[in-house]
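# Examination of the molecular architecture
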Amino acid sequence: ATTRRMASSATRESVAAYVATHELEPKLNAMLNELVQARPENAQSWMSGYLANAGGNGAPATKASAGAAPVVAGAAKPLASVYALLVDICTSAQKSLYPDVTLDGHYVTECTKPEWGEYQNNTALSLYGKLKGTPGAPTNPRAVATALVEAMHTEGARIEPGMLGKLDVSGAGFVNIHLVRAWIEARVLDAAVGGMRPPAVRTCKAVVDFSSPNVAKEMHVGHLRSTIIGDTICRVLEFCGYEVLRINHVGDWGTQFGMLIAHMAREHPDFLDSPPPISDLQKFYKAAKVRFDEDETFKHEAHVNVVNLQAGDPACRKAWKIVCEASRNEFSKVYKRLHIELDEVGESFYNPYIPAVVSSLEMQGQVVLEGGAKLIWPAQSKHSIPLIVVKSDGGFNYDSTDLAAVWYRTCELKAEWVIYVVDAGQGPHFDLVFDAAVNAGWTTLNTRLQHVQFGLVCGEDGKRFRTRSGEVVRLVDLLDEAKSRMLANFRARQASAIAAAAGAEAAEAAAEGAEGEGGEDGEGYVNSGAPQMDDAELEHAAEVLGYAAVKYADLKSNRLSNYIFNYERMLSTQGNTAVYLLYAHARICSIMDKSGVDMAALKTARTPIKLEHPAEVAFGTAIAQFGDKVEEVLRDLQPHMICEYLYDTCSKLNAFVRECRVINVPESPSRLMLCAAGLAVMRQCFELLGMDWLERI
């Protein structure tokens, strides 16, 4: 670790020396001023602090970092998850019995049948294998399990009093764990009164690099997964108390800008005095590319512009800023629809530091010269390709920028967890970058560099999702189409409801006399009574459900897999869809509203929750296991685990309101509080997935 700290310090000194030697402070100040003009909060960036410390004219040094997320006041106090408590109890029991035996991993699992209990401790078989042949070894795995039962009771009383109920041995040596009902009820009551609490986990500063579209190109369906998955990962980390830096590593630097600047100069020769409104970026880019491919003079102008841009030519930088701002405006349309917040820290931000970073790597002996290019072949790499840190023409590229970025994030931002949400095809590239960073000493034993890979969004033919003409699908169009279809569905349903008003009233009256509070109708969702909505309310509801449907359809799949994009399936009211879940939420809101009970008063009084009916027990237990699922997502960064949990919990909620009457029964106070806990867990899951919700649909 000491060696790594020394290497990090040496790299920072190399950067400082390079900036001083090449008199880069004026250029860095100019870049800072542009960033501040674009977004005032950039005044608090690392660059500002760096310039102040280096004696430049930047803003006063601060502790804030580029891309730093605001501190959220009043965050919920963490609560140890059920799984974490059981692992602690089982591990302590094992150590008390067999202190010299070490097992890899944990052996606590959820039971697949309710009669077995809620969890199982499956360590007995592995422990028996380790102990077999030693003096005084147990005669069989069941003997080990029997000894564990007594030790678990002892450790449980110490670690979490009142949690463990009956412990019994089954099969070859499995310890079935039954949780005390009152303990589960207390956890559910805590959720009903105060909302969901994050699991108690070790936190750190985390950088999440996601979305990352290219400037001068519109966001398309290919950006969907990175943007949605990255946002959900950020939300989970933020909920758990991590300091999260949401970084949009936009492609705002490179040779393509020479072409775009040349095209702007020809199409809008007065752009310095009268900046043109670029409304169609895709059209602008394609026209520039056609010229570049067909006109040698234009191609030469483009190459000259690249050099001038990198040298800080005012006209070129002005044109560059115009293109970047036009792109930023287009990107914001997508981010606004998806409720996604990012801090733009593009490739241009790291460009001034690349030479010093490369120089530092050369001094460490990592860089070799081959064919005029400077390459890095990490010794531990499994790949047959190198990183090209300097091209044969002396220029920098994608590899150079990513090395500078990982240096900046680990050494300057001091992030312990750096997450790149990028498609699976970039796997070899990030393997090489991470290996080079480790070899350079930029990481510590606590640093986690992680590439969060994902598969493709495909059409019905199993190939990349495109329009019928073969063009990529604009992300704005894709989202708006989902909203439009949902709106048409709402209007059709409302018209049908109006036409059948008398029948609907009769059905409602019959439902009021039934045992439960209403269940799933023939279309597979909880019937919310089809309230009448005006046009504005219909428009808002269609937006909420349409955008949520697109997000959920993406997130519910294992991110490593490709998935088929299909509007009909994702907007369906049947099965595991956002529409089904949001209708279930609206149904619970309707039940609580119809009860006429002051829910605030019930919560203030901490009205007890009693789980007696099997449907109540199943639903309450699922609510108590919320922290387990959040921890699973933290371990694997797989958002679909939240979706699976949410769908399973909603299914148990629907079974509860179908089988247990909530209103006007002696159990009403308890069951209304259970509904409140259900709303809390659903809304927290919606929040983690970046979905809005509605109280009536």
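The notes below deal with the structure included here. (Residues numbered from 1 in each chain as written. Predicted model: local features only at pLDDT ≥ 70, side-chain atom pairs only at ≥ 80, totals over all residues. Heavy atoms only, no water.)

### Things to note about the sheet that holds strand 11 (residues 417-421)
Strand order in the open sheet formed by five strands is 7-6-5-11-12, and the pairing between neighbours is parallel. Each edge of the open sheet carries a strand with a single partner, namely strand 7 (343-344) and strand 12 (448-452). As paired elements, strand 5 (residues 205-209) and strand 11 share four bridges and run parallel to each other. Within strand 11, the position partnered with Val 208 by the bridge is Ile 419. This element, helix 16 (residues 427-439), spans strand 11 and strand 12 of the sheet and lies at about 175° to strand 12. (Pairing = 2+ DSSP bridges. Helix = DSSP H or I, 4+ residues; strand = E, 2+ residues; numbered from the N terminus. Contact = heavy atoms within 4.5 Å. Axes fitted to C-alpha atoms, helices over the stretch in contact; angles between N-to-C directions.)

### Here we look at the side chain of Arg 235
For Arg 235, the location among the structural elements is in helix 8 (residues 224-239). Exposure remark for Arg 235: the relative accessible area of 13% places this residue in the buried category. Polar contacts involving the side chain of Arg 235 include one to the main-chain carbonyl oxygen of Glu 687, which spans 3.0 Å. With residues up to four places along the chain from it excluded, the contact list for Arg 235 reads Arg 246, His 339, Glu 687, Leu 688 and Gly 690. (Buried < 20%, exposed > 50% of the residue type's maximum accessible area, 1.4 Å probe, protein only. Polar contact = N/O pair within 3.5 Å; in protein donor to acceptor, adjacent residues only side chain to side chain.)

### Looking at the sheet that holds strand 10 (residues 387-390)
Strand pairs in the sheet, formed through backbone hydrogen bonds, run parallel or antiparallel to each other. Taken together, the three strands give an open sheet; going across it, the order is 8-9-10, and neighbouring strands pair in antiparallel fashion. Since the sheet does not close on itself, it has two edges, and those belong to strand 8 (367-370) and strand 10, each with one partner. Neighbour-to-neighbour, the strand axes of this sheet turn through a mean angle of 45°, independent of strand direction. Sheet analysis places strand 8 next to strand 9 (residues 373-376), joined by four bridges and oriented antiparallel. Paired with Leu 369 across the bridge in strand 9 is Lys 374. Most of the contacts of helix 15 (residues 398-412) go to strand 10, to which it runs at about 85°, and overall it touches strand 9 and strand 10.

### Comments concerning unusual backbone geometry
The phi angle at His 339 is positive, at roughly 55°, despite the residue not being glycine. Inspection of the secondary structure puts His 339 in the loop between helix 12 (314-338) and strand 7. Non-glycine residue Arg 606 carries a positive phi angle of around 50°. Tracing the sequence through the fold places Arg 606 in the loop between helix 22 (599-604) and helix 23 (614-624). The class of Arg 606 is partly exposed, set by a relative accessible area of 42%.

### Thoughts on helix 26 (residues 668-689)
Compared with an ideal rise of 1.5 Å per residue, which puts 22 residues at 32 Å, helix 26 spans 31 Å between its outermost C-alpha atoms and is within 8% of the ideal. Most of helix 26 sits out of view: 19 of its 22 residues are buried. The positive-phi residue at the C-terminal boundary of helix 26 is Gly 690, with phi of around 75°. (Expected span 1.5 Å × (residues − 1).)

### Some thoughts on the nonpolar core
Counting 176 residues, the largest nonpolar core has Leu 179, Leu 237, Leu 478 and Leu 545 as the members making the most contacts within it. The greatest single-element share of this core, amounting to 14 residues, is contributed by helix 26. Contacts of Leu 478, omitting those with residues within four sequence positions, involve Val 221, Phe 465, Val 473, Val 550, Phe 565 and Tyr 567. One finds Tyr 353, Leu 361, Val 367 and Ala 436 within the second-largest nonpolar core, a separate group that totals 37 residues. (Core = buried A, V, L, I, M, F, W, Y, C linked by side-chain atoms within 4.5 Å.)

### Describing helix 16
The end-to-end C-alpha distance of helix 16, which contains 13 residues, comes to 18 Å, matching closely the 18 Å that a straight helix rising 1.5 Å per residue would cover. Taken together, the buried positions of helix 16 are occupied by Gly 427, His 429, Phe 430, Leu 432, Val 433, Phe 434, Asp 435, Ala 436 and Ala 437. Where helix 16 is buried, its residues meet strand 9, strand 10, helix 15, strand 11 and strand 12. Where helix 16 ends, the next residue or the one after it, Gly 441, has phi of about 80°, a positive value.

### Some details on the pairing of strand 5
Counting buried positions over the five residues of strand 5 gives five, a clear majority of the element. Where burial is concerned, the two faces of strand 5 agree: the one with Lys 205, Val 207 and Asp 209 and the one with Ala 206 and Val 208 are both buried. Sheet topology note: the strand 5/strand 6 (residues 243-248) ladder contains five bridges and is parallel. Pairing of Asp 209 across the sheet is with Ile 247, part of strand 6. Once the chain exits strand 5 it traverses helix 8 before rejoining the sheet at strand 6, and the crossover so formed is right-handed. (Right-handed = clockwise from strand over helix to strand, strands pointing away.)

### Some thoughts on the packing of aromatic side chains
If you walk through the whole model with that rule in mind, you get 16 aromatic pairs. Their ring planes at 70° and their centres at 5.7 Å tell us that Tyr 350 and Tyr 408 sit as a pair that is edge-to-face. Residue Tyr 350 is found in helix 13 (residues 347-350), and its partner Tyr 408 is found in helix 15; the two are separated by 58 residues along the sequence. A relative accessible area of 1% places Tyr 350 in the buried class. A centroid spacing of 5.8 Å and a plane angle of 65° characterise the contact between Tyr 580 and Tyr 647, whose relative ring orientation is edge-to-face. Of this pair, Tyr 580 sits in helix 21 (residues 578-595) while Tyr 647 sits in helix 25 (residues 640-659), and the two are 67 residues apart along the sequence. Note on Tyr 580: relative accessible area 3%, which makes it buried. (Phe/Tyr/Trp six-rings, centres within 6.5 Å; stacked < 30°, edge-to-face > 60°.)

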